[in-house]
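Spelled out, the chains give:
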Amino acid sequence: MSTITAIRGFNDILPSQTAAWRDMEQALTEVLDSYGFSQIRLPLIEQTQLFARGVGEATDIVEKEMFGVVHGGNKGDDNTSLTLRPEGTAGCVRAIIEHNLTRGDTPKLWYIGPMFRYERPQKGRYRQFHQLGVECFGSSLPDADAELIAMTYAMWQKLGIADVLTLQLNTLGEAEERAAYKAALVAYLTEHYAQLDEDSQRRLESNPLRILDSKDAKTQEILNNAPKLSDFLGAETLAHFHKVQEYLTALGIKFQINEKLVRGLDYYNKTVFEWVTDKLGSQATVCGGGRYDGLVGVIKANPNQSEPAVGFAMGLERLMLLLEATQVITPQSQCDVFVIAHPDYYADGLKYAHNLRLNQPTLRVKMASATGLKAQMKKADKSGAKYTVIIAEDEVANGQLTIKTMATAEQVRVAMTHKFEL
């Protein structure tokens, strides 16, 4: 019988890795808290129609990458198609509509957790991956765009990677502006159809703006002489985009204008942005987002009842790879104090460790099983602890502890009430 292993593209995050993950997540959530954003916890499974309607029928996600869910269901529900979420924005919008969260308020929300896409696994891109997503509803003004970008910059600063990330900006304008541009772009690319790569030929009818993001060198050469979206943008769109740039400049956040930046989902309008790096090879985008003023109306199936919104998402596996590549992450011990006790006095050791955890809750305290002192000390050596506490007959009789500093092997006797400073 063969050994059962994890499904390809679905990875374990092992105990040796989770300390770094928790540090990263804590840094991100501290920035979110400082900006006054609130966490929302969303289900992993939604109706397939939510993503088809919200993300866009012609996107790669809906066409090729969604994981459908096989379910029994109750009578009457058998025809409901369910999907593991491939992204978080559509589900977040569904939640704010369902629970009337925009009534009298401008919700600022964030979520974190696994997403699922069926694509070829590679380093930094998996079939189950984790995202942090942030969504802000209710403001159509450019300050909302700038605030989210400033928040991402604050995250990079806190993580120590601001100098290896570059902000790219673009504006996609409004629907009618994009429609005029699409028509001109399709007309131009149709003349060069035979020279386009296969994906771009397919997208020419379904989603021509995504051709701008093609990785094919020949296609990019053809695009050099293509019509520019900026030539089709109206005064209001340009004023909005210029104001975003003005705010970012005031905050000292550098950026590059990239007119080929379109993002991969149908719902974006006006500002779009990506943070990119040259430290991860072809997987250059660490975080991306933008404005999606029409999505609430699309999911409501009533465009007249939409709400302005802007958001971003970042892939945490890719962010972790960047932290590793820039050596920001340093190996960490999972233990501060290791308590060992002679088997005859093990209850005293248990009591001491329990009280230590209560009185100094930030300490990470471990114990081994009640084997001999020598076997317990071997485990203490491997634990990475800064200090080992030894409790045996003499210590118990005198109400004291022996503390061994593991780096120097120095041992001292102290009172049972000793406080540790790390």
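Residues numbered from 1 in each chain as written. Predicted model: local features only at pLDDT ≥ 70, side-chain atom pairs only at ≥ 80, totals over all residues. Heavy atoms only, no water.

- Named according to an unreviewed UniProt entry, the protein is Histidine--tRNA ligase originating from Moraxella cuniculi.

### Some remarks on the environment of Glu177
And step 1. The residue Glu177 is located in helix α6 (residues 175-190) in this model.
And step 2. Taking the C-alpha atoms as reference points, Glu177 and Ala19, separated by 158 residues in sequence, lie 48 Å from one another.
And step 3. In this structure, Glu177 is in contact with Phe232, Leu233, Gly234 and Thr237, ignoring residues within four places of it in sequence. (Helix = DSSP H or I, 4+ residues; strand = E, 2+ residues; numbered from the N terminus. Contact = heavy atoms within 4.5 Å.)

### What about the nonpolar core?
And step 1. Met155, Trp156, Met314 and Leu319 are the most contacted members of the largest nonpolar core, which has 44 residues in total.
And step 2. By residue number, the principal contributor to this core is helix α5 (residues 142-159), which donates 10 residues.
And step 3. Those residues in contact with Trp156 that lie beyond four places of it in its chain are Ile161, Ala162, Leu165, Trp275, Val286, Cys287, Met314 and Leu319.
And step 4. Of all hydrophobic cores here, the second largest spans 40 residues; its members include Ile96, Leu109, Leu204 and Tyr268. (Core = buried A, V, L, I, M, F, W, Y, C linked by side-chain atoms within 4.5 Å. Buried < 20%, exposed > 50% of the residue type's maximum accessible area, 1.4 Å probe, protein only.)

### Some words on the pairing of strand β7 (residues 166-171)
Residues in a regular strand point their side chains to alternate faces of the sheet.
And step 1. Counting buried positions over the 6 residues of β7 gives 5, a clear majority of the element.
And step 2. Direction of pairing for β7 relative to strand β8 (residues 256-257): parallel, over a ladder of 2 bridges. Looking at β8, one finds that Leu169 is bridged to Ile257. (Pairing = 2+ DSSP bridges.)

### Regarding the sheet that holds strand β3 (residues 67-69)
One key point about sheets: their strands pair by backbone hydrogen bonds, in either a parallel or an antiparallel sense.
And step 1. Taken together, the 3 strands give an open sheet; going across it, the order is β2-β4-β3, and neighbouring strands pair in antiparallel fashion. For this open sheet the edge positions go to β2 (45-47) and β3, each flanked by a neighbour on one side alone. The sheet shows a mean angle of 45 degrees between the axes of neighbouring strands, direction not considered.
And step 2. With 3 bridges connecting them, β3 and strand β4 (residues 82-84) associate as antiparallel partners. The residue bridging Gly68 from the neighbouring strand is Thr83, located in β4. (Axes fitted to C-alpha atoms, helices over the stretch in contact; angles between N-to-C directions.)

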